[in-house]
Amino acid sequence: MAILGRYSKAYPLGQLRQFRGWTERPENARIIRREVDGEIVEEARALTDQDYVYVHRNFTVTDGIFVDENIIFSDVTLEWIEFCQTVLGLGCPTYEPETPHESGPTKL
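Parameters at a glance
Residues numbered from 1 in each chain as written. Predicted model: local features only at pLDDT ≥ 70, side-chain atom pairs only at ≥ 80, totals over all residues. Heavy atoms only, no water. Core = buried A, V, L, I, M, F, W, Y, C linked by side-chain atoms within 4.5 Å. Buried < 20%, exposed > 50% of the residue type's maximum accessible area, 1.4 Å probe, protein only. Helix = DSSP H or I, 4+ residues; strand = E, 2+ residues; numbered from the N terminus. Contact = heavy atoms within 4.5 Å. Patch = residues over 30% accessible without salt bridge, like charges linked within 9 Å, V, L, I, M, F, W, Y side chains within 5 Å. Areas by Shrake-Rupley, 256 points an atom, 1.4 Å probe, with all protein chains shown as cover. Salt bridge = Lys/Arg side-chain N within 4 Å of Asp/Glu carboxyl O. Pairing = 2+ DSSP bridges.

A. A look at the nonpolar core. One finds L16, W22, V61 and W80 to be the most contacted residues of the largest nonpolar core, which totals 19 residues. Residue assignment for this core shows that the elements contributing at least two residues are α1 (13–16), β4 (52–56), β6 (71–73) and α2 (78–86). Sorting elements by how many residues they give to this core places α2 first, with 3 residues. Aside from chain neighbours lying at most four places away, what touches L16 is Y11, W22, V53, V55, V61, W80, F83 and L88.

This is the structure in C-alpha cells:
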C-alpha cells in the first residue's frame, strides 16, 4: 500500500534539474496507459521541465504524492538539502498548538 508523506511540495521539474548534482531515474516515472493500434500499452511517462514533481520531507523526489512510489531522485546529500532550502525555499512548516484565549471562548 502506498504511503502518503506528511509533507511534500510540488515544483516544476525544470527547477530541480538546475541542481548541479541532479541525477534522474526516468524509468520510475508514473505509468501512463495509451491506445496503440487498438491495444492498451503501459509505459513510463516522458518527463519534461514543465511537469510537476514532489519534493518530500526526506528530500527525495517523486512523480506523484506518495513518498514510496515513482521515486525519480533519491541521491540526498548535504548539497541537495542546501539547494532545496536556499534556492527552492523548501522548509517544512511547524505547527503550533492552539492555546485558548485568556478571555475564554468566543460566544456566537
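Still more ground to cover, so stick around.
B. A nonpolar patch on the surface, seen in detail. Together, L4, I65 and F66 line one region of the surface with nonpolar side chains, adding up to about 260 Å² of accessible area. By the element assignment, I65 lies in the loop between β5 (61–62) and β6. Overall, I65 belongs to the partly exposed group, its relative accessible area being 39%.

C. Representation of the pairing of β4 in the model. One ladder, built from 5 bridges, connects strand β1 (residues 8–12) with β4; its direction is antiparallel. Residue pairing across strands places A10 opposite Y54, the latter belonging to β4. Pairing of β4 with β5, which is carried by 2 bridges, proceeds in the antiparallel orientation. Residue Y54 lies in a different strand from β5, and its bridge partner there is T62.

D. Region of interest: unusual backbone geometry. Unlike most non-glycine residues, D37 shows phi in positive territory, near 50°. Owing to a relative accessible area of 78%, D37 belongs among the exposed residues under this scheme.

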